[in-house]
Every structure is written in structure tokens, then in C-alpha cells.
Amino acid sequence: MKTFLIEKYGDQSAVRAAERPAPEPGADDVLVKMHAASVNPLDFKIRDGDFKMILPYRLPLVLGNDLAGVVVQVGPSVTRFAVGDEVYARPDKNRIGTFAELIAVHQDDLAPKPAGLTMAEAASLPLVALTSWQALVEKAQVQPGQKVLIHAGSGGVGTIAVQLARHLGAHVATTASAANAELVKELGADVVIDYRNQDFEELLDDYDVVLDTLGGETLEKSLRVLKPGGKAISIAGPPDAAFARELGANLVLRQVMHALSLKTRRHAKRHGVTYSFLFMRADGDQLRELTRLVEAGEIRPVVDRVFPFDQTREAMEYAEKGRAKAGKVVVATA
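The structure contained in this document is the topic of the report that follows. (Residues numbered from 1 in each chain as written. Predicted model: local features only at pLDDT ≥ 70, side-chain atom pairs only at ≥ 80, totals over all residues. Heavy atoms only, no water.)

Helices and strands together make up the secondary structure of the protein, namely 12 helices and 16 strands. Taking 20 Å as the expected radius of gyration for a compact globule of 334 residues, we find that the protein reaches 19 Å, a close match to that expectation. A principal-axis box enclosing the C-alpha atoms of the protein has dimensions of 55 × 45 × 40 Å. Buried residues in the protein amount to 55% of all 334 residues. (Helix = DSSP H or I, 4+ residues; strand = E, 2+ residues; numbered from the N terminus. Rg over C-alpha atoms; globule rule 2.2 N^0.38 Å. Buried < 20%, exposed > 50% of the residue type's maximum accessible area, 1.4 Å probe, protein only.)

Laid out in C-alpha cells, this is it:
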């Protein structure tokens, strides 16, 4: 089968097209013929080797973390799916590889594709939708009337998180460019901060939750707009010991992550708030909950551009250089 993979860690030049054997599904696996995959910043970080300490992949490695497609084979223990079903998923972190014609996925990580969506639209959702759910529902436990700040509201995670926060009944603020202000308002933002000309720290205060997608100075400022007891959840900040425990990391790695996040956690404690790092996990049941919201019109995908499969490298470059105006970049496999 055709794939896009890396044989060594590196920059975009390390990504190449290559033929690989078709995967053999296990007893609980579903073999999916890929119709679409989407590009995520996680793809670049894995390619660059940023996560090789915590995700020791065996090379060569097929990249890609989102999928939509059709079931073509099921393992003998599969009960949730049948051949011909249209599905979507974010595969488990140890079984990525959606920039390919076929992929085997554990049935617990899959969900039926939302009715009414194209394959490209469905493929744009799993990773960012699960990230939003695990941040706002699981970790933050957002309640109606709470104030939530979501950074980069026109980005892949942001476009979905704004909609989910609105669905949860929150007052939603977001940062975005002036060109995307109307879009994020349509998605549910009550307050839009033009990040190029305004400082969100000077305009916002007393927030219950911040979802940080940028890290660095943005994360540090975010701690200061929270009310006492508020929660900062970051997908771009330093990993913490809790994340290391979730990974089942050894003592040395747990100590490393504890040290990496020490400064941020101290700043958070000084402001009377908490900080936590989120590395989303595959979860078919949560994806089914999100499917219901999509089908009810509460959440809609935002797709910037669709590339053909043979231009997967170009799609990655387009996304990595920030050329997307809003939402996700998708690769159409079939």
C-alpha cells in the first residue's frame, strides 16, 4: 500500500512516499480503507523527534493521526463494526499511521462517521474534538455560566473548543486575527481579542478556565487572567508528572517532566490557580458523544483546504507554515 513515512527524525525533507505491507488486523481490530486524513501539529512534532523520549516509535514510521474511511475487514472479536461501515477515529498514540491507504484500528478507538459529513469533514475532527472534550469536559468540568478563554479560536482545536464551550453554556472568549473575528463569533465566541493589536491580559480577568494551545508567554499570561481556583489546561506547555504517570513512564522520566513544568506550576500556585498538561488519548466512546453533537448541529467541522493523497508532503508544509486561514488541512486518500 502507498504511505507517507519517515525513516529518521528530521524536518519536512524526512517525509517521503513509500510502499509498505498492508496491516494485518488483530482479533479486536478493524481494517479501514482510508478516504481522508487530516494534518495536525502533532505530526510535525513526531516527525521532528520532539516526543521520542515519551513515544519511542520504531522507524520507519507512517505518519498521520486522524482518519475517516470504510471498514473492509474485522477481527474475530469485533462486535461494534461490520464491513461497509463508515467510521472515523484518532488511532491510539502507539498505532498511528493514517497517511496510508489502509490502517488497522482497535474497535474501541473507532466511532461511526457523523451522518451528513463528507469524509474530509469527518477526518478533520477526531484529534481536535477529543482534545477539546478531554480539556473542557474531563479536566475542566466546565459548567454553565463559567468564563472560558480559548486561545487561537480559528485554529484546528480552537474552532471545535469554542463550539463545545458554547454548548456547555460557558461565556467564551478567544484570541484570533481580525480577519477571523466573524468566523469565531459564528462558532460561539462572546468576546474576540485581536491578538495582533490587543493584549488579552489587559482586557480579560476573573476567568474560570483557559485552554492554551500556544504555550510560552501566552501560557504565562493566561495564568494571570484566571480567578482564584481557576484552571489552565495546555496542549503546548511543559508536560507534567501527572502526564508521565498516565504514560506509565519510569521514575527518571517522571522526574524530568516534573522539573520541566516546575516553573509554570509555581507561577500558577502563586496566582492561586492550577496548571495541567493535556496529551489527548484515543477514545471511541467520547467520539460517539461528539458525533451526537455534530449530528445535532452543535458542532461543525471547519476545513481550510483539501489536498490529494499524493500531495501529503505539500499538505504538511502548507499547515506547518501557517498558510491555513482557519480550521484544518485535510488529505483525501480515496
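Closest axis-to-axis distance for the helix H3 (residues 126–139)/helix H4 (residues 156–167) pair is 8 Å, and the angle between their directions is 45°. Taken together, the axes of H3 and H4 lie oblique to each other. Crossing of H3 over H4 shows right-handed handedness. Along its contact with H3, which presents Val128, Ala129, Thr131, Ser132, Trp133, Leu136 and Val137, the element H4 presents Gly156, Val157, Ile160, Ala161, Leu164 and Ala165. Classifying every residue of the contact of H3 with H4 gives 10 nonpolar, 3 polar and no charged. (Axes fitted to C-alpha atoms, helices over the stretch in contact; angles between N-to-C directions. Parallel < 35°, antiparallel > 145°, perpendicular 65-115°, else oblique. Left-handed = near helix turned anticlockwise from the far one by under 90°. Contact = heavy atoms within 4.5 Å. Nonpolar A, V, L, I, M, F, W, Y, C, P; charged D, E, K, R; others polar.)

Below, the discussion takes up helix H7 (residues 216–224). Those residues of H7 that sit buried are Thr218, Leu219, Glu220, Lys221, Ser222 and Leu223. Buried residues belonging to H7 abut helix H6 (200–203), strand E12 (207–212), strand E13 (226–234), helix H10 (262–270) and strand E14 (274–277).

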